[in-house]
Amino acid sequence: MKVLVVEDELKIADYLYKGLTEQGCSVDLAHDGLDGQHLALEVDYDVIVLDQMLPGLDGLALLKSLRTAKDTPVIMLTARDRIEDRVKGLRAGADDYLVKPFSFMELLARLQALTRRGRKQEATELHVGDLVIDLLARKASRNDRRIDLTAKEFALLSVLARHQGQILSKTAIAEMVWDVNFDTNANVVEVAIKRLRAKIDAPFKTGLLHTVRGMGYVLEERPAP
Ligand code: CA
């Protein structure tokens, strides 16, 4: 899930960035309304988290200009003493709103509900050989045997499964799983792949996660040699 967070309060922006990245989202941050508007129009996000009070251009103005061009789902963040503004926000085209302070889990649930509504046709389950990845429940199994994965491992596996049969370079993986601002350290990817392989391949008869020397990694079912 590709998310834009437009929030000028650094503490909240940072908190959202960390939380969403942990959940396997790819997150872009904008700290003022103009920057946010630019990104919202230029890039196709699955959902936008938009603070209402912003320097440069406020959230409502940003939303109005966005709605003339795109219908990206938007969830607005409203301060408690500005609660009457939520009506304006919804009228301006917001899909949902949250009052600050909010819990991360609530925001996440709302984001998932919004993006589910937006793209019902997308598969919620991916299959690679006998490996099944349930994207909604965030579970993986092989031969009906549950595989316990950390949030990061699940994000990595989802990316590989979405591109099954394609070789992904370490840089591409780093960008998709650790975000574009990640200081690309190939070693981090290698270590993560090794851990993932130990869980999804080592206990089973056939390996699905293959190294393509000098190029990267590919997740696919290969015929037995
Ligand atoms: Ca603000």
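Residues numbered from 1 in each chain as written. Predicted model: local features only at pLDDT ≥ 70, side-chain atom pairs only at ≥ 80, totals over all residues. Heavy atoms only, no water.

What about the overall build of the protein chain?
Point 1. Across its full length, the protein chain holds eight helices and 11 strands.
Point 2. Each principal axis of the C-alpha distribution contributes one length, and for the protein chain these read about 65 × 35 × 30 Å.
Point 3. Residue pairs at least 24 apart in sequence account for 56% of intrachain contacts in the protein chain once pairs closer than 6 positions are excluded.
Point 4. Within the structure as shown, the protein chain displays about 11,800 Å² of accessible surface, and the carbon and sulfur contribution to it stands at 51%.
Point 5. If the 32 positive side-chain charges of the protein chain are averaged to one point and the 34 negative ones to another, these points end up 5 Å apart. (Helix = DSSP H or I, 4+ residues; strand = E, 2+ residues; numbered from the N terminus. Contact = heavy atoms within 4.5 Å. Areas by Shrake-Rupley, 256 points an atom, 1.4 Å probe, with all protein chains shown as cover. Lys, Arg positive; Asp, Glu negative; His and termini not counted. Charge placed at Lys NZ, Arg CZ, Asp CG, Glu CD.)

Regarding the coordination of the calcium ion
Point 1. The calcium ion binds to the protein through Asp8 (OD), Asp51 (OD) and Met53 (O), with metal-donor distances spanning 2.1 to 2.3 Å.
Point 2. Sequence spacing of the donors to the calcium ion: D-x42-D-x1-M.
Point 3. According to the relative accessible area criterion, Asp51 is buried, its value standing at 3%.
Point 4. The class for Met53 is partly exposed, based on a relative accessible area of 45%. (Donors = N, O, S within 2.8 Å, 3.2 Å for Na, K, Ca; no water. Buried < 20%, exposed > 50% of the residue type's maximum accessible area, 1.4 Å probe, protein only.)

Section: the sheet that holds strand E7 (residues 131-134)
Point 1. Spatially, four strands are ordered E6-E7-E8-E9 in an open sheet, and the strand pairing comes out antiparallel. If you trace the sheet from one side to the other, it starts and ends with strand E6 (125-128) and strand E9 (145-147), each paired once. Strand-to-strand twist in this sheet, taken as the mean axis angle between neighbours without regard to direction, amounts to 25°.
Point 2. Bridge analysis of E7 against strand E8 (residues 139-142) gives four bridges, and the strand direction is antiparallel. Among the inter-strand pairings, Ile133 is bridged to a residue of E8, identified as Ala140.
Point 3. Contacting E6, E7 and E8, helix H6 (residues 151-162) crosses the sheet at an angle of about 115° to E7. (Pairing = 2+ DSSP bridges. Axes fitted to C-alpha atoms, helices over the stretch in contact; angles between N-to-C directions.)

With respect to the domain arrangement of the protein chain
Point 1. What the domain assignment reports for the protein chain is domain 1 (2-118) and domain 2 (125-219).
Point 2. The interface of domain 1 with domain 2 comprises nine residues on the first partner and 11 residues on the second.
Point 3. Both faces combined, the contact of domain 1 with domain 2 buries some 700 Å², and carbon together with sulfur accounts for 43% of it.
Point 4. Taken together, domain 1 and domain 2 are joined by zero salt bridges.
Point 5. Linking domain 1 with domain 2 are one residue pair in polar contact (both at pLDDT 80 or more).
Point 6. Elements with a minimum of two residues in the side of domain 1 that touches domain 2: helix H1 (10-22) and strand E2 (26-30).
Point 7. Across the side of domain 1 that touches domain 2, the residue classes tally to two nonpolar, four polar and three charged. (Domains from an automatic or database assignment. Buried area = accessible area lost by both parts, 1.4 Å probe. Salt bridge = Lys/Arg side-chain N within 4 Å of Asp/Glu carboxyl O. Polar contact = N/O pair within 3.5 Å; in protein donor to acceptor, adjacent residues only side chain to side chain. Nonpolar A, V, L, I, M, F, W, Y, C, P; charged D, E, K, R; others polar.)

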